[in-house]
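# Notes for the structure review
The residues making up each chain are set out below.
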Amino acid sequence: MIVPEGIHFFIWETLRTLVDRKLLSLDMDHYECRSNEQQVSQELARVGRVKELLLSKIVAQLDPPTIENLKVAACLGSRLYPDILQYFVAPEPVSEFLDRVAWHGLFTFDQQHNCWSFTHDVIQEAIY
């Protein structure tokens, strides 16, 4: 089964958030995962939209110029070509911007189209 890359991003970030908030614990000695299902459900319901939680956590780690460049990229569309993107992220080298946002899991390289794209359309929509 092939799973789109964006799905991995949301699963990983959701699990990380639950562990950070001590709602999920991992027992590596016994290969068990422990949680209080009611607390987890309440937390996810309280958060409302998962994308906002995940993105706010990631965006808080970024500097203001990177955030502005992400907003511009979201407006440019789903396929981002470095030579075009360079006009908008200047004077910063586009490769540094792409490396940084890829490291945070926001962009991925699309080999089929030889361009960059948001890891998931939900990320692009939320940043837009």
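Worth saying up front: this structure is predicted, and the values here are computed from it rather than measured. (Residues numbered from 1 in each chain as written. Predicted model: local features only at pLDDT ≥ 70, side-chain atom pairs only at ≥ 80, totals over all residues. Heavy atoms only, no water.)

Judged by side-chain polarity, Leu-76, Tyr-81, Ile-84, Tyr-87 and Phe-88 come together as a nonpolar surface patch covering roughly 530 Å² of accessible area. With 3 residues, the top contributor of residues to the nonpolar patch is helix H5 (residues 82-89). Here Leu-76 shows up in helix H4 (residues 64-76). Taking the relative accessible area as the measure of exposure, Leu-76 reaches 35% and is therefore partly exposed. (Patch = residues over 30% accessible without salt bridge, like charges linked within 9 Å, V, L, I, M, F, W, Y side chains within 5 Å. Areas by Shrake-Rupley, 256 points an atom, 1.4 Å probe, with all protein chains shown as cover. Salt bridge = Lys/Arg side-chain N within 4 Å of Asp/Glu carboxyl O. Helix = DSSP H or I, 4+ residues; strand = E, 2+ residues; numbered from the N terminus. Buried < 20%, exposed > 50% of the residue type's maximum accessible area, 1.4 Å probe, protein only.)

Another point: the nonpolar core. Leu-70, Leu-85, Phe-97, Leu-106, Phe-107 and Phe-118 are the most contacted members of the largest nonpolar core, which has 18 residues in total. In terms of residues, this core owes the most to one element, helix H6 (residues 94-103), which gives 4 residues. Leaving out residues up to four positions away in the same chain, Phe-107 has contacts with Leu-70, Ala-73, Leu-80, Phe-97, Leu-98, Val-101, Ala-102, Trp-116, Ser-117, Phe-118 and Thr-119. (Core = buried A, V, L, I, M, F, W, Y, C linked by side-chain atoms within 4.5 Å. Contact = heavy atoms within 4.5 Å.)

Our focus in this paragraph is the pattern of salt bridges. Applying the stated criterion across every chain yields a total of 3 salt bridges. Glu-68 serves as the salt-bridge partner of Lys-71, at 3.4 Å between the closest nitrogen and oxygen. Taken as a pair, Lys-71 and Glu-68 lie in helix H4 at a separation of 3 residues, close to a single helical turn. Here Arg-100 ties to Glu-92 by a salt bridge, and the two come within 2.3 Å at their closest N and O atoms. Classification of Arg-100 by relative accessible area gives partly exposed; the value is 24%. Taken together, the salt bridges that share partners define one network made up of Asp-63, Glu-92 and Arg-100.

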